[in-house]
Amino acid sequence: MARDPARLARRPEEQQTTFLDLFLDLVFVFALLQLSLVLRDRMHWSGAVETLLLLLAVLWVWDATSSVSYTFDPRHSAIQAVVIGCMFGSLVMAAAIPEAFGAHGLVFAGAYVAVHVGRSLLLVIISRGDERQRLQVRLTLWYGVSAVPWLAGAVVQGWPRGVLWALALAVNITAFWIGWPVPRLGRANASDLAITGMFLAERHRQFFIIALGGMILDIGLGLSSNPFDADHVAAVVVAFATTVLLWRIYIHRAGEVLAEAFAASCSPLRVTGGAVNAHLVMIAGTVVISAGIHLVIRHAFGHTRPSWAAFILGGPALFLVGRATLEHTVFGRLSRSRVVAIFALLAIAPATVFLSPLLVAAFAALVLVGVAVADAVRTRGRPPEPAAPPC
């Protein structure tokens, strides 16, 4: 390990993501694909809750590991080793996702705990003699606390596992919001947790692109595993168009100026919380959409079951809720088109029993087209809107 902690510090002006960040992200394409597979196999409320818990765990691992390459110099071999070790642990987690609430619960929970505790403990050693060591000590202790319900949940079956894992996630999230307090060390201050808006915005944009990459992978697998006939090709066209529309709606203004919102706000923590929550909902929407895409490709002109309609329409609705939250975070307002689109998706739901899955998906895509067109019309000829959320 390095003797000079200053050599491990990332220079303040280095705000762009690095190849190490992008390399880390590759594992999470697989993780998001696994989550969509779980959801499509368990199309009921308990399956949705389980998938949400697993998604939160995956996102927490990504978020915590991503911050390492900002806090420390990603060009240093010791930091690269820590991140690559976290990648392997995340890969094991992702592989265990399909049976995380079954036979592989201990594998999933064990990998989750090993990534968090191992990463923080190694960084305690690496950063000895440096002020950043205090934060890593706090993280190590708190991740050790949350490890108890994680591992306890892994050795029980049924709903108690979900309850214990939800408690473990609640411990992690609450500890973050209250500054990881530890006796004698106290709470982490703003400078301990400070990450520039540019870096946060760029990393969240990249993770949303990862989610879209999982959808593309799902579409490609669906196309390659089915006949190249008119039904399946039409379903793939609608699914691909939906992916493009998600990308277009996401990047329009709020997605582009998120970094400016961080810089302009007098309450960066509020903007951070809003942005994280918005991306969580949008990414959950892409996971649901991926599960719906599978149904549409396999049963393009079949009978639409109510649970299928919930996925085909619910995924775009979730995305729009998250996108509206991001817009409110950045600009302090909501576009009428997003609210109308959400209600349109809900309004068509009762009629889906008379429509095929492909027609339901086509309607959802048309709703997204309406949002994209409304965005373009609203901003045509207007000067760029400042990203200055109210304090």
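Given the structure is predicted, the values throughout are model-derived calculations rather than measurements.

## Notes on the packing of helix α1 (residues 19–41) against helix α4 (residues 77–96)
Thinking step 1. Taken N-terminus to C-terminus, the directions of α1 and α4 make an angle of 5°; their axes are 9 Å apart at the nearest point. By the criterion of interaxial angle, the relationship of α1 to α4 is roughly parallel. Residue-level contacts link Leu20, Phe23, Leu24, Val27, Phe28, Phe30, Ala31 and Gln34 of α1 to Gln80, Val83, Ile84, Met87, Ser90, Leu91, Ala94 and Ala95 of α4.

## Some details on the packing of aromatic side chains
The way to describe two aromatic rings as a pair is by their centre distance and the angle between their planes.
Thinking step 1. With the rule as written, the count across this model stands at twelve aromatic pairs.
Thinking step 2. Taking 4.3 Å as the distance between ring centres and 35° as the angle between the ring planes, the aromatic pair formed by Tyr112 and Trp150 counts as tilted. Taken as a pair, Tyr112 in helix α5 (residues 105–126) and Trp150 in helix α6 (residues 133–154) lie far apart in primary sequence, 38 residues in all.
Thinking step 3. Aromatic side chains Tyr143 and Trp180 sit 5.6 Å apart centroid to centroid with 55° between the ring planes, which places their arrangement in the tilted category. Placement of Tyr143 in helix α6 and of Trp180 in the loop between α7 (159–177) and α8 (190–193) is noted, with a sequence separation of 37 residues between them. Trp180 shares its class with Tyr143; the two are buried.
Thinking step 4. Cluster of aromatic residues (ring-pair linked, three or more members): Phe101, Phe108, Tyr112, Trp150 and Trp165.

## Structural notes on empty space enclosed by the protein
Thinking step 1. This structure, assessed with the given rule, holds four cavities of 30 Å³ or more.
Thinking step 2. Here the largest cavity defines a volume of roughly 120 Å³.
Thinking step 3. Put simply, the parts of the chain that give the lining of the largest cavity at least two residues each are α10 (230–255), α12 (268–298), α13 (306–331) and α15 (357–379).
Thinking step 4. Its residues assigned to classes, the lining of the largest cavity shows twelve nonpolar, two polar and no charged.

Calculation rules
Residues numbered from 1 in each chain as written. Predicted model: local features only at pLDDT ≥ 70, side-chain atom pairs only at ≥ 80, totals over all residues. Heavy atoms only, no water. Axes fitted to C-alpha atoms, helices over the stretch in contact; angles between N-to-C directions. Helix = DSSP H or I, 4+ residues; strand = E, 2+ residues; numbered from the N terminus. Parallel < 35°, antiparallel > 145°, perpendicular 65-115°, else oblique. Contact = heavy atoms within 4.5 Å. Phe/Tyr/Trp six-rings, centres within 6.5 Å; stacked < 30°, edge-to-face > 60°. Buried < 20%, exposed > 50% of the residue type's maximum accessible area, 1.4 Å probe, protein only. 1 Å grid on protein atoms, 1.4 Å probe; cavity = no way out; pocket = protein on both sides within 12 Å on 5 of 7 lines; lining within 4 Å. Points joined across faces, edges and corners; volume = space filled by probe spheres on them. Nonpolar A, V, L, I, M, F, W, Y, C, P; charged D, E, K, R; others polar.

Any functional reading would require information that these geometric values do not contain.
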